[in-house]
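Observations on the model geometry
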Amino acid sequence: MSYAYLLLISLIFPHAFADNAAEDSPHRRFEYKFSFKGPHLTQSDGKIPFWIHSGNAIPSSDQIRITPSLRSQKGSVWTKNPVSFEHWEAEVAFRVSGRGRMGADGLAIWFTASQGLEGPVYGAADQWNGVGIFFDSFDNDGKKNNPAVLVVGNNGKLIYDHQNDGTTQSLGTCLRDFRNKPYPVRAKITYYKKTLSVFINNGFTPDKDDYEFCTRVENMIIPEIGYFGISAATGGLADDHDVLSFLLFRLTEPGQNLPPPEKEIPKEEKDKYQEEFENFQQELDKRKEEFQKEHPDVQGQPIEDLFESVNDQEIRQVFEGQNRIHLEIKQLNKQLAMILDEQRRYVSVITEEISKRSSQAQSGQAPNHDMDTIINTQQEVLRNLNEVRNSLSDFKQLAVGQQQGNAAGLGSYETVQHFNDIKEHLHVVKRNIEHIIQKNANPAEKVKCPELPPSPTCLSSTHFVIFIVIQSLLFFSYIMYKSQQEAAAKKFF
């Protein structure tokens with residue numbers, strides 16, 4: 001089926017990406033002194049290299065638990081040294097998990113002029129000077145618009161509006177459910193040329209680069225020197241807020257000189273890290289030998305395979321199936337958007353041809369036969385739309401089959417709800433495609449013209465405007481319906 005999609009794209013859109021030249025991306029350089037990632041995240045004394053933690057934060061070898069799932073907890077981690085990059089990009093992987101249908105309060109990613117080690121805003125200080133990206137999981141204002149992601153800036157004088165979930169102060173927002181996902185949720189935050197962009201990986205797929213656009217804030221001024229931080233807090237409800245990694249990259253504009261490399265680590269720190277590594281390696285080898293002596297019957301077998309139960313296998317298979325369906329749906333949505341764009345191109349070509357025939361009829365010249373080519377191409381597009389519609393029907397049946405089989409075996413409410421969302425989304429896409437096909441049926445009749453008309457009567461300006469309005473309404477209705485469907489789905493989590 002993937003080959004059919006590639007063939008479809010190659011037939012319809014041979015020059016889809018040839019007209020727009022991609023802008024050169026900036027140069028990225030990893031900054032290890034402002035990053036952390038497991039395993040071996042902490043030192044032997046429980047501290048994080050180049051970072052400090054405060055409050056209820058609990059560092060471990062593979063993650064930092066900013067707050068445990070207990071009531072009224074606050075915690076944070078901050079860089080020890082200030083950051084003075086003009087452009088930067090941060091990638092954060094985290095998990096927010098809890099046993100309840102609702103969680104609280106949320107997690108925040110900061111870039112501020114000073115370290116807000118503790119305070120009332122997601123565990124960090126209020127009236128900060130900088131920007132905070134908030135992952136709010138509790139609906140304080142009762143509008144059922146959570147979980148949500150908000151970008152809130154502050155000049156050091158504003159007090160955060162808790163009662164309205166910061167909506168009165170947010171510069172950008174998007175609805176994303178980041179709780180209890182099978183894979184870590186990832187956020188990519190880019191500050192480049194005074195524009196802050198936020199992209200979210202929803203945690204449904206193992207693909208680390210499967211980001212979706214969340215929000216963008218232009219002409220944003222932040223402090224030239226500041227500290228990165230991550231904080232979280234719980235209230236009457238509680239979640240585990242775990243951060244698996246924080247990776248910072250310095251961005252340099254194309255054509256500019258790259259920044260000089262950092263100086264080498266001092267010999268004292270290098271010797272300390274080397275000693276800790278050797279001690280850890282010796283302890284690991286010792287534990288391996290003890291395990292082999294205690295379990296001689298499992299020598300030579302992968303230890304990871306010994307601890308996977310039948311339920312773990314079933315759940316993993318369900319997640320893998322959902323991942324494949326999710327990727328295919330995203331691909332079909334992209335193809336549908338490209339087809340609609342191509343239809344608009346055909347409308348513009350037909351308009352030019354009508355104007356040309358009108359001028360030829362007035363001057364007494366014989367009309368050309370390019371209109372037949374346009375009609376044939378339009379019919380080919382409609383046939384391809386039918387193929388996409390049939391493909392959507394196949395995926396709808398696949399989603400329903402997996403829903404009946406896996407839901408009966410596992411009995412999980414979240415699994416059934418997820419498959420219902422997939423089924424409903426497929427139905428919406430299929431219905432919109434059917435509307436497009438109905439509106440574009442019999443294209444030959446729409447553009448059929450007499451050989452030498454006394455006046456251009458093939459298509460009046462009124463009919464042409466109606467045709468454009470109908471296609472525009474269909475396109476924007478689909479976008480609005482999809483957004484409403486996504487917002488409504490968040491109410492059930």
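Report follows, based on the coordinates. (Residues numbered from 1 in each chain as written. Predicted model: local features only at pLDDT ≥ 70, side-chain atom pairs only at ≥ 80, totals over all residues. Heavy atoms only, no water.)

This next bit is on the overall build of the protein. Tallying secondary structure elements over the protein gives seven helices and 16 strands in all. When burial is assessed residue by residue, the protein has 41% of its 493 residues classed as buried. Sequence separation of 24 or more characterises 70% of the internal contacts of the protein that already satisfy a separation of 6 or more. Accessible surface, the protein: about 27400 Å² in total, of which carbon and sulfur atoms supply 53%. (Helix = DSSP H or I, 4+ residues; strand = E, 2+ residues; numbered from the N terminus. Buried < 20%, exposed > 50% of the residue type's maximum accessible area, 1.4 Å probe, protein only. Contact = heavy atoms within 4.5 Å. Areas by Shrake-Rupley, 256 points an atom, 1.4 Å probe, with all protein chains shown as cover.)

There is a patch of like negative charges on the surface, built from Asp285, Glu289, Glu290 and Glu294. Within the secondary structure, Glu294 sits in helix H2 (residues 267-294). Here Glu294 falls in the exposed class, since its relative accessible area comes to 60%. (Patch = residues over 30% accessible without salt bridge, like charges linked within 9 Å, V, L, I, M, F, W, Y side chains within 5 Å. Salt bridge = Lys/Arg side-chain N within 4 Å of Asp/Glu carboxyl O. Lys, Arg positive; Asp, Glu negative; His and termini not counted. Charge placed at Lys NZ, Arg CZ, Asp CG, Glu CD.)

Here we come to the state of the cysteines. By the definition in use, this model includes one disulfide. Linked covalently through their sulfurs, Cys174 and Cys214 form a disulfide whose S-S length is 1.9 Å. With the S-S dihedral at roughly -90°, the linkage between Cys174 and Cys214 falls on the left-handed side. You can see Cys174 sitting in strand S11 (residues 170-175) and its partner Cys214 sitting in strand S14 (residues 212-217), a full 40 residues away along the chain. There is no split in this pair, since Cys174 and Cys214 are both buried. (Disulfide = S-S within 2.5 Å.)

What follows covers the sheet that holds strand S8 (residues 106-112). Here seven strands make up an open sheet; going across it, the order is S3-S6-S15-S8-S9-S10-S11 and the pairing antiparallel. Only two strands of the sheet have a single partner each, and these edge strands are strand S3 (51-55) and S11. Adjacent strand axes in the sheet meet at a mean angle of 15° when their direction is disregarded. Where strand S9 (residues 129-136) and strand S10 (residues 148-155) come together, eight bridges link them in antiparallel fashion. Bridging across to S10, Gly130 finds its partner in Asn154. (Pairing = 2+ DSSP bridges. Axes fitted to C-alpha atoms, helices over the stretch in contact; angles between N-to-C directions.)

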